[in-house]
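Structural overview
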Amino acid sequence: MTNARTIAVVGGGPGGLYAAALLKRLDPSRAITVWERNAPHDTFGFGVVLSDETLGGIEHADPVVYASLRDEFVRWDDIDIRLVQRGTRHVSGGHGFAALGRRRLLEILQGRCRQLGVDLRFRTEAPPPDQLRTEYDLVIAADGVHSATRTAYADAFRPHIEEHRNRYIWLAADFAFDAFRFEIAETEHGVMQLHGYPYARPSPDHRPSTKPCGPPLPAGESTVIVEMREEVWRAAGFDDRDVRASVERCAKTFTEALGGRGLKSNNSSWLTFRTVVNDRWSHGNCVLIGDAAHTAHFSIGSGTKLAVEDALALAACLHEHPTTGAALKAYEAERRPVVESTQRAARASLEWFEDLPRYLDQPPRQFAFNLLTRSRRVTHDNLRLRDARFTGSVEREFGCPDGTPPMFTPFELRGLRLRNRVVVSPMDMYAAVDGVPGDFHLVHLGARALGGAGLIMTEMVCVSPTGRITPGCAGLYTPEQAAAWRRITEFVHTRAPGAAIGIQLGHSGRKGSTRLMWEGIDEPLPDPADNWPLVAASPIPYKPGSQTPAELTVGQLAEIREEFTSAAWRAARSGFDLLELHCAHGYLLSGFLSPLTNRRTDAYGGSLEARLRFPLEIFDAVRGVWPDDRPMTVRISATDWADGGTTPEDAVAVARAFAAHGADAIDVSTGQVVADEKPAYGRSYQVPYADLIRHETGIPVISVGAISSWDDVNSLVLAGRTDLCALARPHLYDPHWTLHAAAEQGYSGPGVVWPEPYRAGSRRPQTGRLDAPKPRLVLPS
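From a predicted model like this one, the values you see are computed outputs, not experimental measurements.

Here the focus is the sheet that holds strand β3 (residues 47-49). Hydrogen bonds between backbone atoms are what pair the strands of a sheet, whose relative direction is either parallel or antiparallel. The three strands are arranged β3-β7-β4 in an open sheet whose pairing can be described as antiparallel. Two strands in the sheet have a free side with no partner beyond their single neighbour: β3 and β4 (74-76). For this sheet, the mean angle separating the axes of adjacent strands, direction not counted, is 30°.

Laid out in structure tokens, this is it:
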């Protein structure tokens, strides 16, 4: 396939037009045709937002288009967050947005295409995709979220389309907001939200209007999006109203924000957002761009930004590669990671707005901070660079002494005061001999205690020989093991004063009798004679080739309950400060909780209440021998990442049940329950489940899962999404992660204790302190 000489573009939106203009500019001999079913000035929306990064790409690729856009943009820095009924308003600056009217953007791109000689065919349906692919060297499908091209080749592109919970409508106001405005109204029917931003300056002959009995409103135009949950939309009667009545109702709901003015529509209708993901973006000589290939929720920017960036990348790849096939492969390789990152941020933002009502009782400034950092693209340190005054006010409301990062504020669980919010997450080391922790465990846990974390957790410590995962797993079922653990806790308490050490107790269940991780994780031991019999809630092997466990009898349940009790009794006498019950990751107690692994028909299976019965019996037995002043936590898998498994609603119910029995916090993990799980990996990907449990139940939570930076810890804690952050791999990479986090932030106050022999390492002789690397200022996408 030679590089494309004839090109068909299906869809005359910004992405399609810009791709056509760039490709024609790069090679004027190309014959390029754009088909658009609508008229040139038809548009579905009002303003579009582009980041400085996108504008930089446009400037480099086509200075003519950039110059036209530059003269049209409306820029602003502030984000204004208001809770109408509560009378609160918080403004954060330094955010750097730029917007212009969608119609004006189309006019500029259409003009550029005509200037370059692109054949624009408006009010014209494109020929069928098969015909286009035969007649043209390249077909660019820029035909939007409902792409007919994608549908025609669904077997090749393999699209996944998900509709979400909120209803929204695109509207406009005939004046310019002076900031990006978030307005939250608590109505008799539920919470309604307004997203508003300016996108056009007034024309030279514009005469400012005034609101009744008030000062002149800023001239210009603004995009206004009104959004609410489906049930609120129905309760308010929007499902029975036409567009005109809906627009009037929206204006009345947000009359203060609008200064008593009305709203206008433009082909507007109530929509539910659709997330579009495709396994492939190209099929032969046909390629998807923009919303046809992927969508990202409007709350982090516009699809226009992604479409324009797609066009930039596609044009560059076609210019750089000798064949169309190679160019399309390079285009997808370049763009897919960027788009997937954007989509993860967009999903986080989308879900935050879907769940916004749960945050309304937060302190007002914390609510505003939570909103601003919802997608995780804006972080605590990033926001401090943008607006130190606002961020400082949030920290003071949270209780941070001046200059104290949120991660170094103390936290109390029952009678235990943790010096900071960092937890060394439980990590199996597979280094014990006959269940006895040795010098490796002393050095491993001792080093991380010296490294400054508030709480250091052991790996899962098994309550019996047959409850081990591998032959190298540690246990607490013999006096020798207890003595070895006592040696470790004494080291932590004497050599790392202020550090707490906790033990995680568990039983492997159907995931036991396997090889060491680096020899074949979850694989049975190679010599059948070395394997021990497994037990579980139900006789279901973990995966093909795994041993089938025996279903536990009621008598065996009592024996295991006694094993947990004995281990907890030894743990208390070994000097542990906290005990965590492992009810996650498909091990024995987790196997009772999940409907995918518990098929029992007795009192321990069936409903969630019944599936909880045995884990709660174990918890009660352990709590009965664990000292009253020492806390107990429970680790759960809040989702199985598999159809028919544990749901978020189940996780909330499980957390409530353990809290009712005396759990002091819930350690919220996910998955590893079934082998065919499909996790949605990404930065902090498990935090939303901890956030849900914390705000639905009021129970303290520990968050885990791809939390790797001190900036993330500060952000999550200050936003109120978690109480503690447990980090695993970062502590394998750097045992002194917490001390280094303090040094990088220039902090040496309470919550940070450098061991005396290490104290000289807390400073650099050249500067007097370790200079903190500052994140680059990232503008919202």
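In this section: a nonpolar patch on the surface. There is a patch of nonpolar side chains on the surface, built from Met517, Trp518 and Ile521 and spanning about 350 Å² of accessible area. Among the structural elements, methionine 517 can be located in helix α17 (residues 517-520).

We now examine empty space enclosed by the protein. Scanning all chains against the criterion turns up eight cavities of 30 Å³ or more. Considering only enclosed or pocket space, the second largest cavity measures out at about 100 Å³ in volume. Around the second largest cavity sit 13 residues that line it, and Cys583, Leu593, Ser594, Ser637 and Thr646 are the ones nearest its centre. Residue assignment for the lining of the second largest cavity shows that the elements contributing at least two residues are α19 (588-593), α20 (608-625), β25 (632-637) and α21 (648-660). Here the lining of the second largest cavity is composed, by residue class, of six nonpolar, four polar and three charged.

Helical geometry: 3.6 residues make up each α-helical turn, so side chains three or four residues apart lie on a common side. End to end, α20 covers 26 Å across 18 residues, agreeing with the expected 26 Å (1.5 Å per residue, within 8%). The largest bend along α20 measures about 35° and falls at phenylalanine 614, with the proline proline 615 one to four residues further on. The set of residues buried in α20 consists of Leu608, Ala610, Arg611, Leu612, Phe614, Pro615, Leu616, Ile618, Phe619, Val622 and Arg623.

In this section: the packing of aromatic side chains. For the coordinates displayed, the defined rule picks out 27 aromatic pairs. Between the aromatic rings of phenylalanine 97 and phenylalanine 180, the centroid separation amounts to 5.2 Å while the plane-to-plane angle is 45°, which identifies the pairing as tilted. You can see phenylalanine 97 sitting in strand β7 (residues 97-101) and its partner phenylalanine 180 sitting in strand β11 (residues 180-187), a full 83 residues away along the chain. As far as burial versus exposure is concerned, phenylalanine 97 and phenylalanine 180 are alike and both buried. Where phenylalanine 592 meets phenylalanine 614, the ring centres are 4.9 Å apart and the plane angle is 45°; that geometry is what we call tilted. Here phenylalanine 614 lies in helix α20 and phenylalanine 592 lies in helix α19, a separation of 22 residues in the sequence.

Glancing now at the environment of glutamate 649. With respect to the helices, strands and loops of the structure, glutamate 649 is situated in helix α21. What makes glutamate 649 exposed here is its relative accessible area of 58%. Once the C-alpha coordinates of glutamate 649 and alanine 638 are considered, the two residues, eleven residues apart in sequence, prove to be 8.8 Å apart.

Low-pLDDT stretches of the model should not have their predicted coordinates read in fine detail. Per-residue pLDDT for the protein chain has a mean of 92; in total, 95% of the residues score no lower than 70. Per-residue pLDDT stays below 50 along residues 204-217; that stretch engages in 14 contacts with residues further than four places along the chain or on separate chains. Every residue in residues 764-781 scores below 50 in pLDDT, and together they form 36 contacts with partners more than four places removed in sequence or on other chains.

We now examine the side chain of serine 222. As for its position among the elements, serine 222 is in strand β13 (residues 221-229). The class for serine 222 is buried, based on a relative accessible area of 0%. Polar contacts involving the side chain of serine 222 include one to the main-chain carbonyl oxygen of phenylalanine 175, which spans 2.7 Å. Look past the residues within four positions of serine 222 in its chain and what remains in contact with it is Leu171, Ala172, Ala173, Phe175, Ala176, Phe177, Tyr197, Pro198 and Tyr199.

Across the two faces of strand β8 (residues 119-122) the burial differs, with Leu120 and Phe122 buried and Asp119 and Arg121 not buried at all. One ladder, built from four bridges, connects strand β2 (residues 31-36) with β8; its direction is parallel. Paired with tryptophan 35 across the two strands is arginine 121, which belongs to β8.

Inspection of the entire model under this criterion finds 48 salt bridges. Across the pair arginine 234 and aspartate 239 runs a salt bridge whose closest N-O atoms are separated by 3.4 Å. Across the salt bridge formed by arginine 694 and aspartate 723, the nearest N and O atoms sit 3.0 Å from each other. Here arginine 694 is found in helix α22 (residues 687-697), whereas its partner aspartate 723 is found in the loop between α23 (710-718) and β28 (724-727), with 29 residues between them in sequence. On the basis of relative accessible area, aspartate 723 is assigned to the buried category, the value being 6%. Each of Arg165, Glu354, Asp355, Arg358 and Glu696 takes part in salt bridges that share partners, so that together they form one network.

Moving on, we get to helix α1 (residues 14-26). Taking 1.5 Å per residue, 13 residues should reach 18 Å; α1 reaches 18 Å between its end C-alpha atoms and fits that length. Counting buried positions along α1 yields eleven of 13 residues, so the element is predominantly enclosed. Listed as buried for α1 are Pro14, Gly15, Gly16, Leu17, Tyr18, Ala19, Ala20, Ala21, Leu22, Leu23 and Lys24.

What follows covers the packing of α21 against α22. Running from N to C, α21 and α22 point in directions that differ by 55°, and their axes come no closer than 10 Å. By the criterion of interaxial angle, the relationship of α21 to α22 is oblique. Between α21 and α22 the crossing geometry is right-handed. Residues Pro648, Ala651, Val652, Ala655 and Arg656 of α21 touch α22, and the partners they reach there are Tyr689, Leu692, Ile693, Glu696 and Thr697. Considered class by class, the residues forming the contact of α21 with α22 number seven nonpolar, one polar and two charged.

Turning next to the sheet that holds strand β9 (residues 138-141). A sheet is described by the order of its strands in space; here six strands give the open sequence β8-β2-β1-β9-β16-β15, paired in mixed fashion. In the strand order of this sheet, the two ends are held by β8 and β15 (282-283), each with one partner. Taken together, the four bridges between strand β1 (residues 6-10) and β9 define a ladder with parallel strand orientation. In the sheet register, valine 10 faces β9, and the bridge partner there is alanine 141.

What counts as what
- Residues numbered from 1 in each chain as written.
- Predicted model: local features only at pLDDT ≥ 70, side-chain atom pairs only at ≥ 80, totals over all residues.
- Heavy atoms only, no water.
- Pairing = 2+ DSSP bridges.
- Helix = DSSP H or I, 4+ residues; strand = E, 2+ residues; numbered from the N terminus.
- Axes fitted to C-alpha atoms, helices over the stretch in contact; angles between N-to-C directions.
- Patch = residues over 30% accessible without salt bridge, like charges linked within 9 Å, V, L, I, M, F, W, Y side chains within 5 Å.
- Areas by Shrake-Rupley, 256 points an atom, 1.4 Å probe, with all protein chains shown as cover.
- Salt bridge = Lys/Arg side-chain N within 4 Å of Asp/Glu carboxyl O.
- 1 Å grid on protein atoms, 1.4 Å probe; cavity = no way out; pocket = protein on both sides within 12 Å on 5 of 7 lines; lining within 4 Å.
- Points joined across faces, edges and corners; volume = space filled by probe spheres on them.
- Nonpolar A, V, L, I, M, F, W, Y, C, P; charged D, E, K, R; others polar.
- Expected span 1.5 Å × (residues − 1).
- Bend = angle between axes of the 7 residues up to and from the residue.
- Buried < 20%, exposed > 50% of the residue type's maximum accessible area, 1.4 Å probe, protein only.
- Phe/Tyr/Trp six-rings, centres within 6.5 Å; stacked < 30°, edge-to-face > 60°.
- pLDDT = per-residue confidence, 0-100.
- Contact = heavy atoms within 4.5 Å.
- Polar contact = N/O pair within 3.5 Å; in protein donor to acceptor, adjacent residues only side chain to side chain.
- Parallel < 35°, antiparallel > 145°, perpendicular 65-115°, else oblique.
- Left-handed = near helix turned anticlockwise from the far one by under 90°.

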